[in-house]
Amino acid sequence: MAIIKRALISVSDKTGIVELAQNLHKLDIEILSTGGTAKLFRENNIPVIEVSDYTGFPEMLDGRVKTLHPKVHGGLLGRRDLPEHVKTMQESDIPNIDMLVVNLYPFEATVAKPDCKLEDAIENIDIGGPAMLRSAAKNWKDVAVLTDASQYAAVVEELNANNSQLTQKTTFALSVAAFNRVSNYDGAISDYLSSFNEDGTRSAYPAQMNTRFTKVQDLRYGENPHQTAAFYQDQCPARGSLVTAEQIQGKELSYNNIADADAAWEAVKAFDGNACVIVKHANPCGVALGSTALEAYSKAFKTDPTSAFGGIIAFNMPVDKAAAEVIAQQFLEVLIAPEYTAEALEVLSAKKNVRVLKIALPTGGNTAWEQGRNSHDTKRVGSGILVQTSDIHELQMADLTIVTKKQPTPAQMQDLLFAWNVAKYVKSNAIVFCGDGMTLGVGAGQMSRVDSTKIAAIKAEHAGLSLQDSVVASDAFFPFRDGVDVLADAGAICVIQPGGSMRDDEVIAAADERGLAMVMTGIRHFRH
């Protein structure tokens, strides 16, 4: 047990600090503190000893040097169980410091500001704080180190229950949290400073990238049973992202569940209207709009009932009883929605193995800090990673160019935009047939765009859906006219594609010849 008799408190974020100090004082724990924190304690009638009085050495260099002193670090690092340490500390008049409460200068928040200058960032690099945290965390058997206000209540409760003592289980956990905090802090500093080019400008890709994630849970296995796996979250998750999900019921999520659920949730969030997305093996196999959850689901399911078996279903609207009753008739792995009615949850409770997730849709967008931390995608390759900005481009009507003699009708244009939105989430090469706000056939992941087109048509046929007068989205340009001919043969009358092929003129001529309307976006959506 660590006996707490003396605490040093020096915090930038003063959330909950007065209450903590009041509780420590009630336990007759002596409090040391620095400048602003000590002033706050005196204003609240909490006895405090200034660190400068304690060390006999004044703060200097505009506060840059105040705790870098043997009486501070000796008090934190001295081992109580080693006679030579005890003797040295007594001879040097260095009392034990049994608790350290430090939360560091706000470097991350400072550099997240759009108008942050290098000078501002440098002045918010804490030196004494991390040094003290490392000293206290290293000596965890005798010293408790607190780095966040969320820790205060539990520590006070344990101190009150154990006569001002903390278990080694607690002090070790606090030590690990402190080292993690210092690591994250130093990583953020490295990321920021490494982003500066020689001419003083900043790069979006720093010279050194320090990835930092927190484990959410261990998983039973990875993609296959012979692989081990775990699920981690970003240090600052974006609102409305999968890691913010609340699991209401069902078995533990697997590696594949999480990967597919993320694909489904990101896809369904992309639609403004009420939508349902069904995903199987990372690809949407059915997507539809509907005035109700039941209508959207029923239309999405029609696209490919075979592939929907054992799939992931996501809604961007509440799920009610009517939808739940029909969904419950299907074998599914995961159901995701922003809300469920009580009646819907009662229906779903009969399917005990179905993993039901609730994720609040973000409102008002994410903060600049969240956007900055979540604006890139990474992919692991041999001994390295590829990093890119996220594919969050939103197509505007002004981006579109109608390149054929035939013009799409307003209704067809809406279906084209819907199809284009779906194609963005389908693995390349992607071909998506749509009509009346629903997918009719999806061709994904083929080496040939013509093969993807044929597969999409075959899937529509197997589902009993007609492609006559349908619209089509292609995630990339048609390199030859053969892709257009296959679309037309299947019954399509409109197509949306990026354009940019050396043979665009040939492709456009083929569309005119076959009586198709063609719209070009000027942007592609490869998804590998």
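Predicted model, so just to flag it, every value in this text is computed and none were measured. Along each chain, numbering runs from 1 in the same order as the chain's sequence is written. Local features are withheld for residues below a pLDDT of 70 in this predicted model, meaning they are given only at 70 or higher, and side-chain atom pairs are given and counted only at 80 or more; totals for whole chains, interfaces and linings count all residues. The side-chain figures draw on all heavy atoms in the structure; neither hydrogens nor water molecules are used.

Asks: Give a description of the sheet that holds strand 4 (residues 49-50) that names residues and reports values.
Replies: The pairing of strands in a sheet comes from backbone hydrogen bonds and takes either a parallel or an antiparallel form. On the basis of which strands lie adjacent, the open sheet formed by five strands has the order 4-3-2-5-6 and parallel pairing. A strand with exactly one partner marks an edge of an open sheet, and here the two such strands are strand 4 and strand 6 (144-146). Here, a strand pair is defined by DSSP locating no fewer than two bridges between the strands. Each helix corresponds to a stretch of at least 4 residues labelled H or I by DSSP, and each strand to a stretch of at least 2 residues labelled E; elements are numbered beginning at the N terminus. Summarising the sheet, strand 2 (residues 6-10) and strand 5 (residues 99-102) pair through four bridges and their orientation is parallel. Within strand 5, the position partnered with Leu8 by the bridge is Leu100.

Asks: Outline the packing of helix 19 (residues 482-490) against helix 20 (residues 504-514), supporting the account with residue identities and numerical values.
Replies: Working convention: axes come from line fits to C-alpha atoms, limited for helices to the stretch in contact. Angles between N-to-C directions cover 0 to 180 degrees. Interhelical geometry of helix 19 versus helix 20 gives an angle of 20° and a closest axis separation of 9 Å. Between helix 19 and helix 20, the angle falls in the class roughly parallel. The way helix 19 lies across helix 20 gives a crossing that is right-handed. Facing Val484, Asp485, Ala488 and Asp489 of helix 19, the residues of helix 20 in contact are Val507, Ala510, Ala511 and Arg514. Looking at side-chain class alone, the contact of helix 19 with helix 20 contains five nonpolar, no polar and three charged residues. These descriptions rest on fixed angle ranges, namely under 35 degrees for roughly parallel, over 145 for roughly antiparallel, 65 to 115 for roughly perpendicular, and the rest for oblique. Left-handed describes a crossing in which the near helix is turned anticlockwise from the far one by less than a right angle; the clockwise case is right-handed. Contact criterion: two residues are considered in contact whenever any of their non-hydrogen atoms come within 4.5 Å of each other. Ten residues, namely Ala, Val, Leu, Ile, Met, Phe, Trp, Tyr, Cys and Pro, are considered nonpolar, four, namely Asp, Glu, Lys and Arg, are considered charged, and the remaining ones, Gly among them, are considered polar.

Asks: How would you summarise the packing of aromatic side chains if you had to cite specific residues and measurements?
Replies: Between 30 and 60 degrees the pair is tilted, below 30 it is stacked and above 60 it is edge-to-face, where a pair is any two Phe, Tyr or Trp rings, Trp via its six-membered ring, whose centres lie within 6.5 Å. Applying the stated criterion to the full structure yields seven aromatic pairs. Arranged with centres 5.4 Å apart and planes meeting at 40°, the rings of Phe271 and Phe418 form a pair that is tilted. Linking Phe271 in the loop between helix 11 (255-269) and strand 11 (275-280) with Phe418 in helix 17 (residues 410-423), this pair joins segments that are 147 residues apart in sequence. Relative to Phe331, the ring of Phe309 has its centre 4.9 Å away and its plane inclined at 50°; by these criteria the two rings are tilted. Separated by 22 residues along the polypeptide, Phe309 in the loop between helix 13 (305-308) and strand 13 (311-315) and Phe331 in the loop between helix 14 (321-327) and strand 14 (332-337) bring together distant segments of the chain. Per-residue accessibility, obtained with a 1.4 Å probe over protein chains only, is compared with the maximum for each type, and a residue is labelled buried under 20%, exposed over 50%, and partly exposed between these values. Phe309 gets classed as exposed once you look at its relative accessible area, which sits at 51%. Taking the relative accessible area as the measure of exposure, Phe331 reaches 40% and is therefore partly exposed.

Asks: Which residues make up the side chain of Thr34, and what are the values?
Replies: By the element assignment, Thr34 lies in the loop between strand 3 (30-33) and helix 2 (35-43). What makes Thr34 buried here is its relative accessible area of 3%. Here the side chain of Thr34 touches Ser10 through a polar contact of 2.7 Å, side chain to side chain. Non-local contacts of Thr34, meaning those with residues more than four positions away in its chain, are made with Ile9, Ser10, Glu50, Val51, Glu59, Lys66 and Thr67. Here a polar contact is taken to be a pair of N or O atoms separated by no more than 3.5 Å, where protein atoms must pair a possible hydrogen donor with a possible acceptor and residues adjacent in sequence count only if both atoms sit in side chains.

Asks: Provide a residue-level description of helix 12 (residues 293-303), including the pertinent values.
Replies: Side chains of residues three or four places apart in an α-helix project in the same direction, reflecting 3.6 residues per turn. All of the buried residues along helix 12 are Ala293, Ala296, Tyr297, Lys299, Ala300 and Thr303. On an axial view of helix 12, the arc spanned by its buried residues comes to 165°, and they lie on one face. The directions considered for the arc run from the helix axis to the C-beta atoms.

Asks: Residue-level account of the nonpolar core, with values.
Replies: Nonpolar core, defined: a set of buried Ala, Val, Leu, Ile, Met, Phe, Trp, Tyr and Cys residues in which side-chain atoms within 4.5 Å join the residues together. Residues Ile17 and Met99 are the most contacted members of the largest nonpolar core, which totals 54 residues. For this core, the element with the highest residue contribution is helix 10 (residues 168-194), accounting for seven residues. Not counting the four nearest positions on each side in its chain, Met99 is found in contact with Ile4, Arg6, Ala7, Leu8, Leu24, Val143, Ala144, Leu146, Val155, Leu159 and Leu166. Counting 48 residues, the second largest nonpolar core, distinct from the first, contains Tyr297, Val354, Val356 and Ala460.

Asks: Before we move on, can you summarise the pattern of salt bridges with the specific residues and values?
Replies: Think of a salt bridge as a Lys or Arg side-chain nitrogen and an Asp or Glu carboxyl oxygen that are within 4 Å of each other. The full count for this structure, using the stated rule, is 19 salt bridges. Between Arg6 and Glu30 there is a salt bridge, with the nearest N and O atoms lying 2.6 Å from each other. On the criterion of sequence distance, the pair formed by Arg6 in strand 2 and Glu30 in strand 3 is long-range, its members being 24 residues apart. On the accessibility criterion, Arg6 (17% relative accessible area) is buried. Across the salt bridge formed by Asp98 and Arg80, the nearest N and O atoms sit 2.8 Å from each other. With Asp98 in the loop between helix 5 (83-91) and strand 5 and Arg80 in the loop between helix 4 (70-77) and helix 5, this pair connects stretches of sequence that are 18 residues apart. Looking at Asp98, the relative accessible area reads 5%, which means it is buried. Taking the relative accessible area as the measure of exposure, Arg80 reaches 23% and is therefore partly exposed. Salt bridges sharing common partners tie together Arg481, Asp485, Asp489, Glu513 and Arg514.

Purely geometric numbers; function is a separate question.
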